[in-house]
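Analysis of the macromolecular model
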Amino acid sequence: MKQIDGHTRLCGLIGNPVEHTMSPAIHNTLARINGHNLVYVPFHVETGQVRKAVEGAYALNILGLNVTVPYKGEVIGCLKETDEMAGKIGAVNTLVRTEGGYKGYNTDMMGLYRAMGSEGIRLEGEEIIVLGAGGAARAVTFLCAWKKAAKVYLLNRTLEKAEKIAEEVNRACGTACVEPMRTDGHGKIPADRQYLAIQATSVGLYPKVEDAVIQDMAFYEKIHTGYDLIYKPAETKFMRLTRQAGGRAFHGLKMLLYQGVIAYELWNGITVTEDDALTVYGKLREGMEAGHN
Ligand code: NAP
């Protein structure tokens, strides 16, 4: 984007807070690379103002919006239509302009799936351990069941939250693959095979970089691949312990990248090349190193 003019299209992010976001770096870089006359800005939306924000955005001909905490569930009631997976998850983070209103998608999970695929990680037929039962873990558990994982052990400090998600996901996806457990019961997970583990708690997030939700090495010996949704620090304690036990480990920055790339593709009807995605990834890493996040 060289200059804002009468043809400039607008996209943005609604949430509260939004001031820490790295999304403008993703979308404004993609607009520049692709020569699109498009600008992306964050909008801080106060409690109770989500419907007005979405209707106002539509009236202002805004091309698309991302939605972040705490509005990913509430926004669904303001949409014309919701993509099937996003509807099942009950969380929307991307609004795409259509005739008569916005359509909602969950590009967080589409992005996680693409990020994992780019590292050769599959969910189909896999035995998976998900750590956590907050908003992110709930969506990850849906994604795993949706993609026909063979088994999902859902581990959380508060068992009731894991039980509730397991019940919901099993019912919505017509499966019995999700088994809830208390985190400290991880020893019951069979040790005769290895698992993909997805770390979806907030434990280990900067500045508490020495924390991991499980410290017991016996757990990490069961892990062939550890995927932490946290991306700050770039190597979490969970990742370090996974590597020490001989597994591969990844952080969540590519998930963030691809949720943005997929939103950009939906808004503009294009496919972003892997080279361009990697250019954006470089920008995100620079931003992380400079502390702009
Ligand atoms: P959330 O809803 O607040 O859930 C937090 C989870 O962490 C709960 O399961 C909670 O367990 C657990 N937890 C917190 N403190 C704990 C402790 N001291 N010991 C044991 N468990 C603890 O958060 P969220 O929205 O799901 O996000 C989780 C993480 O995912 C965050 O770190 C976020 O940065 C990351 N994330 C990354 C991306 C990305 O694009 N890469 C996207 C979304 C989220 P209880 O239920 O027992 O409280």
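Look up a bit, the structure's there.
In this report, we go over the structure that sits alongside the text. (Residues numbered from 1 in each chain as written. Predicted model: local features only at pLDDT ≥ 70, side-chain atom pairs only at ≥ 80, totals over all residues. Heavy atoms only, no water.)

The next subject is the packing of helix α5 (residues 135-146) against helix α6 (residues 159-173). Running from N to C, α5 and α6 point in directions that differ by 35 degrees, and their axes come no closer than 10 Å. Crossing handedness for the pair α5 and α6: right-handed. Only I165, E168, V169, A172 and C173 of α6 make contact with α5, whose side of the interface consists of R138, T141, F142, A145 and W146. When grouped by side-chain class, the residues that make up the contact of α5 with α6 number 7 nonpolar, 1 polar and 2 charged. (Axes fitted to C-alpha atoms, helices over the stretch in contact; angles between N-to-C directions. Helix = DSSP H or I, 4+ residues; strand = E, 2+ residues; numbered from the N terminus. Left-handed = near helix turned anticlockwise from the far one by under 90°. Contact = heavy atoms within 4.5 Å. Nonpolar A, V, L, I, M, F, W, Y, C, P; charged D, E, K, R; others polar.)

Along the chain, H27 falls in helix α1 (residues 23-34). Here H27 falls in the buried class, since its relative accessible area comes to 0%. Not counting chain neighbours up to four residues away, the residues in contact with H27 comprise Y40, N66, G260, A263, Y264 and W267. (Buried < 20%, exposed > 50% of the residue type's maximum accessible area, 1.4 Å probe, protein only.)

Taken together, the neighbourhood of the ligand is formed by 20 residues, with A136, N156, R157, T158 and K161 sitting nearest. In this structure, R157 approaches the ligand through a side-chain N or O atom, which is 2.8 Å from an oxygen atom. Between L229 and the ligand, the recorded distance is 2.9 Å, taken from a backbone N or O atom to a nitrogen atom. Coverage of the ligand by the protein amounts to 70% of the 940 Å² it exposes when considered alone. Of the residues in the shell around the ligand, the class split is 10 nonpolar, 8 polar and 2 charged. (Near = heavy atom within 4 Å. Polar contact = N/O pair within 3.5 Å; in protein donor to acceptor, adjacent residues only side chain to side chain. Areas by Shrake-Rupley, 256 points an atom, 1.4 Å probe, with all protein chains shown as cover.)

Our focus in this paragraph is the environment of K222. Looking at where K222 falls in the secondary structure, it is placed in the loop between α7 (217-220) and β11 (223-228). Distance in space between the C-alpha atoms of K222 and T242 is 9.2 Å, their sequence separation being 20 residues. Residues in contact with K222, not counting those within four places in the same chain, are H186, G187, I189, P190, A191, R193, Q194 and Y195. A distance of 3.0 Å separates the side chain of K222 from the backbone oxygen of H186, its partner in a polar contact.

To continue, consider helix α4 (residues 107-118). With 12 residues, α4 should reach 16 Å at 1.5 Å per residue; the first-to-last C-alpha distance of 16 Å fits that figure. T107, D108, M109, G111, L112, A115 and M116 are the residues of α4 that are buried. Where α4 begins, the side chain of N106 points an oxygen toward the backbone nitrogen of D108, at a separation of 3.1 Å. Phi turns positive, to about 80 degrees, at G120, one or two residues after α4. (Expected span 1.5 Å × (residues − 1).)

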